[in-house]
Structures are given as structure tokens and as C-alpha cells.
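Chain by chain, the residues run as shown.
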Amino acid sequence: MKIFFGNINLTIGRKKYKIKEIDKRLGENMTVKFTETVLRDGQQSLIATRLKNEDIIPILESLDQVGYHSLEVWGGATFDSCMRFLNEDPWERLRKIRKKIKNTKLQMLLRGQNILGYKHYPDDVLEKFIEKSVENGIDIIRIFDALNDIRNMEKAIEFTKKYGAEAQGSIVYTQSPIHSNQSFIIKAKNLVERGIDSLCIKDMAGLLTPFAAYDLIKELKEEISIPIEMHSHNTAGLAFMTYLKAVEAGVDIIDTAISPFSSGTAQPTTETMAAVFEGREYDPNLNNKKLSEIGDYFREVRKGYQEYLSSFEVDPRIIINQLPGGMLSNLRNQLKEQEQLDKFDEILAEIPKVRKDLGYPPLVTPSSQIVGTQATFNVITGEKYEFVSNEFKNYLRGMYGRPPGELNQELVEKIISKSEIISNRPADNLEPLFAKTAAKISDFAKTEEDVLSYILFPEVAEKFLKEKNK
């Protein structure tokens, strides 16, 4: 609430201020900024990342005129899906978007040392990927690690700043007996020490409750001075309220999605959140006419993706199993295809048990897939850990990084030997890969971007690139 004190003079140090002037500037600083996610996480969460270039390009200039802080347009699952399902070049998509967007920063999501894949890649590949991402138009790179292992984020932060983009470090939010506000604050301060420009609270499962968000943001604001962004999903029905309390606590930026691709397993609705703050000290000053135009456009676009459209149903069960919305819907579909849908509730109950055995990792790519797959094996086979994936073994070996808590040692001894366990940064064990791969695939990879696409998704990219570069 604004409090006006009249024109009383106040001296701070050697400079005199009028209270009204201080109040005015404080009010301006309280303005909350919006990041629009419809082109990345909104469509990834609700139509399985199937949005095509032909439905993206026509609306870009309108998106650019809204007054957003940034547009999240790339990264996450969009890169793989472009080639795998849409026969589109993800790099070309980025260039087309950059050509149309003149006033708004473009943002992407990067899985730290995993880049956009599902395993760790050597530093030379990571550096080249970041260099090319910035060169093709990215302004802000949101960097996270599934285990909140800072070692897996250090090089991504370093390279992002080296090539002139903003490095946004992320804390993956989760709940467990070993996670607390204090543990998140320690991670945040470690990221600040490594030079991040802003911090994201990445609540991928929509677990953060309103009052918990208020407390976390308040405590973070007392410890760090860089901007803080809040990213959540409305899977459990909490995110709209969570955003309100986060803004009241001082969060600087919130992630929202235009109405046709919002809520459910996606972000809170852009138009709704803008209306919440309109006329208040937090007013984002967005162009409501453009928002209405964009909403109408995507309502029409959505009609062409009905076969992929996820449910907008709120599912509070995720508060217990903590599985992100996209993983939840994928699990249900896969069980249905295998005629095992009757096991769904049993698998949901098994997920927290597997997560505990693995030291309470946050359930985000790739740890959500590792935990969800293992819980499925345990239930369908009827035998706990009799069958485990290679990814599960690699997790126990430390090849994804340092688990947040203690592993179940009986489980570790049952599956791997102690000699297999590593304790250093996983990428330190990887040999440089980019130049060697470029030489190997020079007959069908014509650019450095092509080489990167192949390294991340070899089978998919080889087929795509051979067709593209005929």
C-alpha cells in the first residue's frame, strides 16, 4: 500500500529528498514485469510442444507490442519436437522469431550441462551451443539443474556471460524433509557468487503455496539484490494465488501464458494476472488491446491442435507425488496404450518412495523421468528394483550430479559397485566432442548449428538433416 507523507524533507547522508519523491520512486520500482510463455512452456505443457512455425510467425509483431519483459520462445522440449514431430529446424525457428521481434527480449530454457538433451555433454559442446543460441537471437538464458547441483550450472553461466547474454540462474523448487527456505537461499547465494544476472524460482510442479512463496521471496530479498522471477504451473490450482503473494513479497517478474494456452499444467493466465495488478502500484502497464487480440488469435490456433490438448483439470494429487503436469499426462497416456491404466494410482503412490530412495531429487527433466519410470517398473513387475534403467544406474553412480540427500545405501549396493561411483563434476569426465562430430557428419551437417542438433539428438537429427540438406 502506498502511504503519502506530504512534502516533508528528509536528509539521507548529504542529499535531501522529499518524502513524495521517495514514495514515487518506490512505487515505480514495485511494478511487476511479465514473461510470456505461450511459445515455449505454455504450448509445451498443453499441446505437447506441437505448435508450428506457421502459427507462430503471424502473431509475433503483436506479441512484441504488449510491453512484456521477455518472451520465452525456445529451449526445453521445443528443440527436439521441432525436428521429431514438425519437420522444422529449431535454429531456423529462432531466427524467424528474432527477425520479427524488435523490442522485447527473447528467452530460452537450458538444462545446464544437459543443454536440451537428457544426459551431460562436454564443455566444448555447451560453449558452442550457447554461442550459437546468442548469435541466433537469444537475450536471456534461464539455466537450471535437475538436482540443484551448482557445479552443473557453472560453465553455462560463464559461457552465457562470455557471449553477451543475460544469465538467469534457477533454483528448482521442491518439498521434502531435506529442503527448506534456508537450503534454497544458500543455493541462491552460491549462484549470485558465480555471476548470475537474475534468479528464477522454478516451481515446475506447481507445489509452491501462496504463503510459502511470500516467505521465500521475502527471505531471498533480504539476502540477494538481483531481480527474482517466479515460474510456476497451475497443476494443483495454487499458482494464481502464489503469484499474488510473491508479488506482494517483492518478486520482480512473473511467468504467464496467454489465456488459450494457460492454467492447467501451464502457467497462470496473462490477461488475468495483468487485471489483478492494473491500477495498483504493481501495474505492469501491458497493452490490453494487444492482449485481447493475441488471445483471440490463439483461441483459433488451438482448434487445430485438439488431438494434443491436455486437460485443464486441477489435480491436487501432485502435492504428494510432485510429478510435473507434462509427465503426469504422458504417464497416463503411455499406461493407456499398454493397457495398464488400472495401475496409474498405484504408480503415483510409488513415486514418493522411489524419490526418497534417491535422496529426494526435485522432479524435473531428467530426474522426473528417471523416478517415474522406476516407479512404473516397480509396480508393473511387482518386484522392487528387480529391473532398473541405465539412467537409474547412472543416477546412483553420480553421473547426473550430487543428489540433494542421502541415497538408500542398500539399494546402491544391490545395483552398482562402489568403484563405479564418481564424486567430481560429471562433465569433467567427458572428452571434447564438437570438432570430432563435425568431421564425422560433414556429408549431411552443413552448419555448426546442424552439428549441435545432431550431438543432442543423433537419430532424429540425422534423418531430419539429410532431408533438409539434400
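Residues numbered from 1 in each chain as written. Predicted model: local features only at pLDDT ≥ 70, side-chain atom pairs only at ≥ 80, totals over all residues. Heavy atoms only, no water.

S.K.: Talk me through the packing of helix α7 (residues 123–135) against helix α21 (residues 448–456); I want residue IDs and the actual numbers.
M.R.: Look at α7 against α21: their axes get within 10 Å of each other, and the N-to-C directions meet at 130°. In terms of orientation, α7 lies oblique with respect to α21. The element α7 and its partner α21 pack so that their crossing is left-handed. Every residue of α21 that contacts α7 at Val125, Lys128, Phe129, Lys132 and Glu135 is listed here: Glu448, Glu449, Leu452, Ile455 and Leu456. Of the residues belonging to the contact of α7 with α21, the class tally is five nonpolar, no polar and five charged. (Axes fitted to C-alpha atoms, helices over the stretch in contact; angles between N-to-C directions. Helix = DSSP H or I, 4+ residues; strand = E, 2+ residues; numbered from the N terminus. Parallel < 35°, antiparallel > 145°, perpendicular 65-115°, else oblique. Left-handed = near helix turned anticlockwise from the far one by under 90°. Contact = heavy atoms within 4.5 Å. Nonpolar A, V, L, I, M, F, W, Y, C, P; charged D, E, K, R; others polar.)

S.K.: So, the sheet that holds strand β4 (residues 70–75): which residues are in play, and what are the values?
M.R.: One closed barrel holds the eight strands; their spatial order is β3-β4-β5-β6-β7-β8-β9-β10, and the pairing between them is parallel. On average, adjacent strands in this sheet sit at an angle of 30° to one another, irrespective of strand direction. Inspection of the sheet shows strand β9 (residues 228–232) paired to strand β10 (residues 253–256) by two bridges, in the parallel sense. Looking at β10, one finds that glutamate 229 is bridged to isoleucine 253. Relative to β4, helix α2 (residues 38–46) is tilted by about 60°, and along the sheet it contacts β3 (33–36), β4, β5 (105–110) and β9. Running at roughly 155° to β9, helix α10 (residues 210–223) makes contact with β8 (198–203) and β9 of the sheet. (Pairing = 2+ DSSP bridges.)

S.K.: Account for the pairing of β5, with residues named and values stated.
M.R.: When you tally the buried positions in β5, you get five out of six residues, the bulk of the element. Strand direction decides the pairing type here: β4 and β5, joined by five bridges, are parallel. Residue pairing across strands places leucine 71 opposite leucine 106, the latter belonging to β5. Where β5 meets strand β6 (residues 140–143), four bridges bridge the pair, whose relative direction is parallel. Within β6, the residue paired with leucine 110 across the bridge is isoleucine 143. Handedness of the crossover joining β5 and β6 through α7: right-handed. (Buried < 20%, exposed > 50% of the residue type's maximum accessible area, 1.4 Å probe, protein only. Right-handed = clockwise from strand over helix to strand, strands pointing away.)

S.K.: Describe the packing of aromatic side chains, and please don't skip the residues or the numbers.
M.R.: With the rule as written, the count across this model stands at 15 aromatic pairs. Considering the side-chain rings of tryptophan 74 and phenylalanine 129, the 5.9 Å spacing of their centres and the 15° angle between planes classify their relative orientation as stacked. Here phenylalanine 129 lies in helix α7 and tryptophan 74 lies in strand β4, a separation of 55 residues in the sequence. Seen from their ring centres, tyrosine 118 and phenylalanine 457 are 6.3 Å apart, and the 70° between their planes marks the pair as edge-to-face. Linking tyrosine 118 in the loop between β5 and α7 with phenylalanine 457 in the loop between α21 and α22 (458–468), this pair joins segments that are 339 residues apart in sequence. (Phe/Tyr/Trp six-rings, centres within 6.5 Å; stacked < 30°, edge-to-face > 60°.)

S.K.: For α7, give the residues involved together with the corresponding values.
M.R.: In this model α7 runs 18 Å from its N-terminal to its C-terminal C-alpha over 13 residues, within 8% of the 18 Å that 1.5 Å per residue would give. Turning to α7, its buried residues number three or more, namely Val125, Leu126, Glu127, Lys128, Phe129, Ile130, Lys132, Ser133 and Val134. (Expected span 1.5 Å × (residues − 1).)

S.K.: Which residues make up the packing of α10 against helix α11 (residues 239–249), and what are the values?
M.R.: Where α10 meets α11, the axes come as close as 8 Å, and the angle between the chain directions of the two elements is 25°. Taken together, the axes of α10 and α11 are roughly parallel relative to one another. Relative to α11, the crossing made by α10 is right-handed. Residues Pro210, Phe211, Ala213, Tyr214, Ile217, Lys218 and Lys221 of α10 pack against Met241, Thr242, Lys245, Ala246, Glu248 and Ala249 of α11. Its residues assigned to classes, the contact of α10 with α11 shows eight nonpolar, one polar and four charged.

S.K.: Could you give an account of the pattern of salt bridges, with specific residues and numbers?
M.R.: Tallied over the full model, the rule gives 34 salt bridges. Where lysine 128 meets glutamate 448, a salt bridge forms, and the shortest distance between an N and an O atom there is 3.1 Å. Here the residue lysine 128 occupies a position in helix α7, and glutamate 448 occupies one in helix α21, the gap between them amounting to 320 residues. Relative accessible area serves as the criterion here: at 30%, glutamate 448 is assigned to the partly exposed category. Each member of the salt-bridge network shares a partner with another, and the members are Lys128, Glu131, Lys132, Glu135 and Glu448. (Salt bridge = Lys/Arg side-chain N within 4 Å of Asp/Glu carboxyl O.)

S.K.: Tell me about the environment of glycine 117, and please be specific about residues and values.
M.R.: Its location among the elements puts glycine 117 in the loop between β5 and α7. Residue classification places glycine 117 among the buried positions, given a relative accessible area of 0%. With 41 residues separating them along the chain, glycine 117 and glycine 76 place their C-alpha atoms 8.8 Å apart. Residues within four places of glycine 117 in sequence aside, it is in contact with Arg111, Leu456 and Phe457.

S.K.: So what's going on with the nonpolar core? Which residues, and what values?
M.R.: A general tendency of soluble globular proteins is for nonpolar side chains to be buried together. Core analysis: the largest hydrophobic core is formed by 99 residues, its most contacted members being Leu110, Phe129, Leu199, Ile201, Met230, Ile254 and Phe298. By size, the runner-up hydrophobic cluster in this structure holds 27 residues, among which are Met327, Phe392, Tyr395 and Val412. (Core = buried A, V, L, I, M, F, W, Y, C linked by side-chain atoms within 4.5 Å.)

S.K.: Go over unusual backbone geometry with me, naming the residues and quoting the values.
M.R.: Most peptide bonds take the trans form, and the phi angle of most residues other than glycine is negative. Note the cis peptide between threonine 365 and proline 366, where omega equals 5°. Tracing the sequence through the fold places proline 366 in the loop between α16 (344–357) and α17 (367–381). Although it is not a glycine, alanine 48 adopts a positive phi angle of roughly 55°. Judged by relative accessible area, alanine 48 falls into the partly exposed class, the value being 31%.

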